[in-house]
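# Inside the fold
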Amino acid sequence: TGFTTASPVYDAAGVVTIANGSITVSKSSSVPADNIAINVTDQVLGGFDVDVRGEEISASNLVFTVATSSTGIGLLTSVSMYDSNGKLVAGPVDTSGVGTSITFSDTVTFPIGEGTYTIKGKTPSTYTNDGTVTLSVNPYSAWGTVTGQTTGNAIGTNVKPNSTITFNA
């Protein structure tokens, strides 16, 4: 059985199993904390890195928590997510409630390998100067359906970490 040196032949009795892929999310060091303008579109609100192994992975209903030290209230608007090449992959959406979370209902497909994703949006004119906006996420619990694109399987416990990641402010 198996391969021979005389005539390389695949043994049809061999079994190849494709295991579920995995995705690991972390705070991006390439999307640093920065000053942003109030009431101006496309301001960088945060960024994260992904490391995808085994197969492309799609996720829907990606929810990010928003925290601000601003004494002004209001919604973040026109919030969008971009990949490493600057391509729009989700959004635009507005925050829910008084700006406590961002929910991208789009399905985002993360390719195999490492990538950086940047979230940009517009702060309301009511936000105060010198306030901060900080995004965070627990991808294990805050991302909806996470599915391998080759296997079609739910990724489940292969979404890492199962803890909150806080992005640069």
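Provided above is the structure to which this section pertains.
Residues numbered from 1 in each chain as written. Predicted model: local features only at pLDDT ≥ 70, side-chain atom pairs only at ≥ 80, totals over all residues. Heavy atoms only, no water.

## Observations concerning the side chain of Thr118
- Looking at the secondary structure, you find Thr118 in strand β7 (residues 113–122).
- Under the relative-accessibility criterion, Thr118 is labelled buried at 15%. (Helix = DSSP H or I, 4+ residues; strand = E, 2+ residues; numbered from the N terminus. Buried < 20%, exposed > 50% of the residue type's maximum accessible area, 1.4 Å probe, protein only.)

## Quick word on the sheet that holds strand β10 (residues 159–160)
- Across the sheet, which stays open at both edges, the six strands sit in the order β5-β4-β7-β2-β1-β10 with mixed pairing between neighbours. Of all strands in the sheet, those bounded by a partner on one side alone are β5 (88–93) and β10.
- Bridging between strand β1 (residues 22–27) and strand β2 (residues 43–53) involves six bridges; their strand directions are antiparallel. Of the residues in β2, the one forming a bridge with Ser22 is Arg53. (Pairing = 2+ DSSP bridges.)

## What to know about the environment of Asn129
- Structurally, Asn129 can be placed in the loop between β7 and β8 (133–137).
- Assessed through its relative accessible area of 66%, Asn129 is described here as exposed.
- When the C-alpha atoms of Asn129 and Ile38 are compared, they prove to be 7.8 Å apart, with 91 residues separating the residues in sequence.

## Things to note about unusual backbone geometry
- With an omega of 5°, the peptide bond running from Gly91 to Pro92 counts as cis.
- With respect to the helices and strands, the residue Pro92 is situated in strand β5.
- For the bond from Lys160 to Pro161, the omega torsion is -5°, close enough to zero to count as cis.
- Tracing the sequence through the fold places Pro161 in the loop between β10 and β11 (165–166).
- If you check the backbone angles, Asn39 has positive phi at about 60° while not being a glycine.
- By the element assignment, Asn39 lies in the loop between β1 and β2.
- Judged by its relative accessible area of 39%, Asn39 is partly exposed.
- Backbone geometry at Asp42 places phi at a positive 60°, although glycine is not the residue there.
- Within the fold, Asp42 resides in the loop between β1 and β2.

## Quick look at the pairing of β2
- Along β2, eight of the 11 residues are buried, which leaves the element largely enclosed by surrounding structure.
- Bridge analysis of β2 against β7 gives nine bridges, and the strand direction is antiparallel. The partner of Gly46 across the bridge, within β7, is Ile119.

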